[in-house]
Amino acid sequence: MEAKMSQLEAEYGDDKEIPKPSFWGGYILKPRFIEFWQGRPSRLHDRIAYKKIDNKNWKKVRLAP
């Protein structure tokens, strides 16, 4: 598998687009808000969110506790 990966990296490099099969569909996801939740037995769950503020930057916000 590593040899195949090396071959593909050499063939396509960083600049060349990798071709897709003709039947390929797919979605492009562009999240604006992501929340990470870690539950605790005490119900003081740790919740952290990232909110997109422009094209490049995210703001980290603690939601709880």
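Quick caveat: nothing in here was measured; it's all calculated off a predicted structure. The residue count restarts for each chain, going from 1 along the sequence in the order it is written. Since the coordinates come from a predicted model, pLDDT governs what is reported: local features require at least 70, and pairs of side-chain atoms require 80 or more to be given and counted, while whole-chain, interface and lining totals use all residues. Side-chain calculation: all heavy atoms of the structure are included, whereas hydrogens and water are not.

Caption draft 1: Inspection of the sheet that holds strand β1 (residues 33-38) at higher detail. A pair of strands is labelled paired if DSSP reports no fewer than 2 bridges between them. Per the convention used, a helix needs a DSSP run of H or I reaching at least four residues, while a strand needs a run of E reaching at least two, with both numbered from the N terminus. Read from one edge to the other, the open sheet built from three strands follows the order β1-β2-β3, with strand pairing classed as antiparallel. Strands at the two margins of the open sheet, each flanked by one partner only, are β1 and β3 (58-64). Each strand of the sheet is rotated relative to its neighbour by a mean of 20 degrees, with strand direction disregarded. For strand β2 (residues 46-52) and β3, the ladder comprises six bridges, and the chain directions are antiparallel. Counted as the bridge partner of Tyr 50 is Lys 60 from β3. Lines fitted to C-alpha atoms define the axes here, with helix axes fitted over just the stretch in contact, and angles between the N-to-C directions of these axes take values from 0 to 180 degrees.

Caption draft 2: Region of the structure containing the side chain of Asp 46. Examined against the element boundaries, Asp 46 turns out to sit in strand β2. Exposure remark for Asp 46: the relative accessible area of 15% places this residue in the buried category. Polar contact is the term for a pair of N or O atoms within 3.5 Å; when the atoms are in protein, one must be able to donate a hydrogen and the other to accept it, and sequence-neighboring residues count only if both atoms are side-chain atoms. A polar contact is formed between the side chain of Asp 46 and the side chain of Arg 62, at a distance of 2.3 Å. Leave out the neighbours within four places in its chain, and Asp 46 touches Phe 36, Trp 37, Gln 38, Arg 40, Arg 62, Ala 64 and Pro 65. Relative accessibility decides the category of a residue: with a 1.4 Å probe and only protein chains considered, values under 20% of the type maximum give buried, values over 50% give exposed, and everything between is partly exposed. Throughout, a contact is declared for two residues whenever any of their heavy atoms are within 4.5 Å.

Caption draft 3: Expanded view of the pattern of salt bridges. Within this document, salt bridges are pairs made up of a side-chain nitrogen of Lys or Arg and a carboxyl oxygen of Asp or Glu, the two lying within 4 Å of each other. Counting across every chain of the model gives three salt bridges. As a salt-bridge pair, Arg 47 and Glu 35 come within 2.6 Å of each other at their nearest N and O atoms. Remark: Glu 35 occurs in strand β1 and Arg 47 occurs in strand β2; sequence separation between them is twelve residues. Residue classification places Glu 35 among the partly exposed positions, given a relative accessible area of 34%.

Caption draft 4: Main features of a nonpolar patch on the surface. Like-charged residues within 9 Å of one another, or nonpolar side chains (Val, Leu, Ile, Met, Phe, Trp, Tyr) within 5 Å, are grouped into patches, provided each residue has over 30% relative accessible area and no salt bridge. We get accessible surface area from the Shrake-Rupley algorithm with a probe of 1.4 Å; when it comes to residues, only the shown protein chains can shield them. Nonpolar side chains collect at one region of the surface, where Ile 34, Phe 36 and Trp 58 lie side by side and expose about 280 Å² of accessible area between them. You can see Trp 58 is positioned in strand β3. According to the relative accessible area criterion, Trp 58 is partly exposed, its value standing at 34%.

These values are about where atoms sit, not about what they do.
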